[in-house]
Amino acid sequence: MSAMRHLLDLCKRRGFLFQSAEIHGGLRGAYDYGPLGVELKRNVSQEWWNSMVYQRSDVVGIDTAIITPPAVLKTSGHVDQFTDEMVDSRLSKERFRPDKAPALKLDDHHPQGLILPISAPDKITAKVWEHDIRTQFARGAAITRKGKEILLQVERMEKDKIVLKKDDRATITTLDPTDLHIPYHGYVDPNSNSPFLTESRPFNLMFKTYLDPIDPIDKVITTTLDAQKTPSTSDLTSTRQLVDKTLHPSLTYLRPETAQGVFINYATVQRSHPHLKIPFGIAQIGKSFRNEIRLEHAIFRTPEFEQMELEFFVAPWQAEEQFESWRKFRMDWWRYYGRNHDRIRERPHAQDELAHYSSGCVDVEYLFPWGWGEVEGIANRGDFDLSKHSEATGIKLQYTDAILMQERQAREKATGVKETDVEALARERFTPHVVESSCGLNRAMLALMLDAMEVVDERGKAIPFEGSEGDNNNTNTENTTVHVSKGVRTIMRLHPRLAPVKVGIMPLISNNKDLVEMCTGISQSLRQELQVNVSMETQSTTIGKRYYRMDEIGTPWCVTVDFESLQDRMVTIRERDTGEQRRVSVDEVVDLVRNGLRLVPRATQNKQQKTISV
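Notes on the structure follow. All figures in this text were calculated on a predicted structure; none of them were measured in a lab.

Per the secondary structure count, the protein includes 19 helices and 30 strands. If one aligns the C-alpha atoms of the protein with their principal axes, the spans along those axes are about 95 × 90 × 50 Å. When each of the 614 residues of the protein is scored for burial, the buried share is 49%. Accessible surface computed for the protein: about 31,500 Å², of which carbon and sulfur atoms make up 50%.

Below you can see the structure in the form of structure tokens.
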């Protein structure tokens, strides 16, 4: 079983993640978070908020609207430029981004010579595709079909095209030599290896919606019918322009990012919190929406997702230093909560990847089963955002250093001379630059679960997923598998502060009234004292199996109440990562858990992790 499939099966079985609307057939790319999933997601976001807001004096929070007026996104460039290139596969009808698609794979060891293999999902589909290729896309080409594969014989590869061999048995009399020339732009259908594609075209990623009591479809129909009555507006382009003009007064968007809500509230926050001095930040956690061309890897890429973003406003001369500082700070956060540091890396953007306004950007990437994937981006955005919104509204989104201004005014009053030093005045009033940290909450949750998941045998020895051990630079690990057999179980070694359930409370005999009553008392104490999620495990099974159930969902501690506990008020507490069990007083349980949940220094945390993993 692959690592990803193993995790998704566990998520569904134990209540982390469900396919949305599954009883109605499901909705592609939509997921619901179950009782354990919502706790884990809440814990990850809370740890981010603790780190970015509560443990600092220079960051405040905000929660802005999801529905966004067009003027905001027109100003930010999203309306005109927030696009991806899109390509359709002529065979499968699937759409994908060409910049994420693989190169063509050829088989040069086949008995028939150089072969282009195309993989269909099943034999029936392969037969249909073969017919389409023969009659529409490569007439007269030498083609054979073997099971689910369609094999095309290749004459040669050229820079921008694939030249196929002619089938000498073909009876087509009107065959043009160019019928065997297949355009190639460096990529193929990711699922089938098919080069039969449409031309790429831009695709805007934003979701439109309309704030209007009248159904917009009614307006579209009425406007279109009216346009057809006039020759000058009956063509498609003119009709579309009229429809857009009619709908524009009620047009809004579901925000594609949370950042713009921060920028347009910069002046409001600064005015309402005058104690904030440059540098300072505004943090936000919230949902964003993107009409993704390709939805993949469960919650890694979905149209509806949550972002954890910080916009940190700095003086222009502080931007580079602050960028480097935040870059290090965020990597430290990931290393603190992650176990496998060799699966977390920084990837600086090349110059041709940077936005035109950005002077630097670094992605934090995790090595997922399918390869390295971005979980966070840290960017030096310059003053682009505030300057653009200032230009569009006429409102100056600047920062004034009141102390420098008062000192200058005092000097001018004393000397009677107005100061005109441009550099000095620029330090007194300026448009702040922005250093941004943008982290995907759903991706972070997926990365942290994969990082914590460990499969062990009956002796507790870790079983590596095939293809993953000793090859952390591998970028094609989608098929890493582990063989599931008797005695093999899963441990979710999440950081205790992230664990959805902090403590599992277990009576030795699940139907014994006295044991259950004592367990209830311990559970209530933990909930009231620590405000944490506690699970009462009263299934009619052995304590060992109940321990393993708790290990599987990442519960750091289990407390067992037995018949001796009724006499001496001593209970057994078990630690997930070491398996160590010890007898402690009932009165000690709260303090032990409290101490285990404290934010310990990173050096101590790393030392603990190394000790556990030996």
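Read on, since the account is not over.
Attention now moves to the side chain of Asn193. Structurally, the position occupied by Asn193 is in the loop between β12 (181-183) and β13 (201-204). A distance of 3.0 Å separates the side chain of Asn193 from the backbone oxygen of Lys105, its partner in a polar contact. Among the polar contacts made by the side chain of Asn193, one reaches the main-chain carbonyl oxygen of Pro117 at a distance of 2.8 Å.

Reading across from one edge, β6-β5-β13 is the order of the 3 strands in this open sheet, with antiparallel pairing throughout. With partners counted over all chains shown, the strands left at the sheet margins are β6 (95-96) and β13, one partner each. Bridge count between strand β5 (residues 83-88) and β6: 2 bridges; the pairing is antiparallel. Residue pairing for β6: Val87 is matched across the bridge by Phe96.

Strand order across the open sheet formed by 3 strands is β4-β15-β14, with antiparallel pairing between neighbours. A strand with exactly one partner marks an edge of an open sheet, and here the two such strands are β4 (67-68) and β14 (207-210).

It is worth spelling out helix α12 (residues 402-415) at this point. When the terminal C-alpha atoms of α12 are compared, their 20 Å separation across 14 residues agrees well with the 20 Å that a helix rising 1.5 Å per residue should span. By the N-cap criterion, in which a side-chain oxygen at the helix start approaches the backbone nitrogen of a residue two or three places on, α12 is capped by Asp401, the distance to Ile403 being 3.2 Å. Positive backbone phi, approximately 75°, marks Gly416, located one or two places after α12.

We now examine the pairing of β5. When β5 meets β13, the two strands line up antiparallel, connected through 4 bridges. Each residue of the ladder has a partner; that of Asp84, found in β13, is Phe203. Taken together, β5 and the strand that follows it, β6, pair antiparallel across an intervening segment of 6 residues, in which Lys93 is found at a positive phi of about 70°.

A separate point is the pairing of strand β30 (residues 581-585). A regular strand places its side chains on the two faces of the sheet in alternate fashion. Where strand β29 (residues 570-575) and β30 come together, 5 bridges link them in antiparallel fashion. Considered in β30, the bridge of Ile573 is made with Arg582. The antiparallel hairpin formed by β29 and β30 contains 5 residues in its connecting segment, where Gly579 sits at a positive phi of about 75°.

In this fold, Gln539 is placed in the loop between β27 (534-536) and α16 (543-552). Separated by 166 residues in sequence, Gln539 and Gly373 have C-alpha atoms that sit 39 Å apart. Dropping the residues within four chain positions of it, Gln539 is found in contact with Ser510, Arg546 and Arg549. Side chain to side chain, Gln539 and Glu537 meet in a polar contact 2.9 Å long.

To continue, consider the pattern of salt bridges. Applying the stated criterion across every chain, the model contains 47 salt bridges. As a salt-bridge pair, Asp577 and Arg576 come within 2.8 Å of each other at their nearest N and O atoms. Under the relative-accessibility criterion, Asp577 is labelled partly exposed at 23%. One salt-bridge network, held together by shared partners, links Arg339, Glu454, Arg493, Arg576 and Asp577.

Basis of the calculations
- Residues numbered from 1 in each chain as written.
- Predicted model: local features only at pLDDT ≥ 70, side-chain atom pairs only at ≥ 80, totals over all residues.
- Heavy atoms only, no water.
- Helix = DSSP H or I, 4+ residues; strand = E, 2+ residues; numbered from the N terminus.
- Buried < 20%, exposed > 50% of the residue type's maximum accessible area, 1.4 Å probe, protein only.
- Areas by Shrake-Rupley, 256 points an atom, 1.4 Å probe, with all protein chains shown as cover.
- Polar contact = N/O pair within 3.5 Å; in protein donor to acceptor, adjacent residues only side chain to side chain.
- Pairing = 2+ DSSP bridges.
- Expected span 1.5 Å × (residues − 1).
- Contact = heavy atoms within 4.5 Å.
- Salt bridge = Lys/Arg side-chain N within 4 Å of Asp/Glu carboxyl O.

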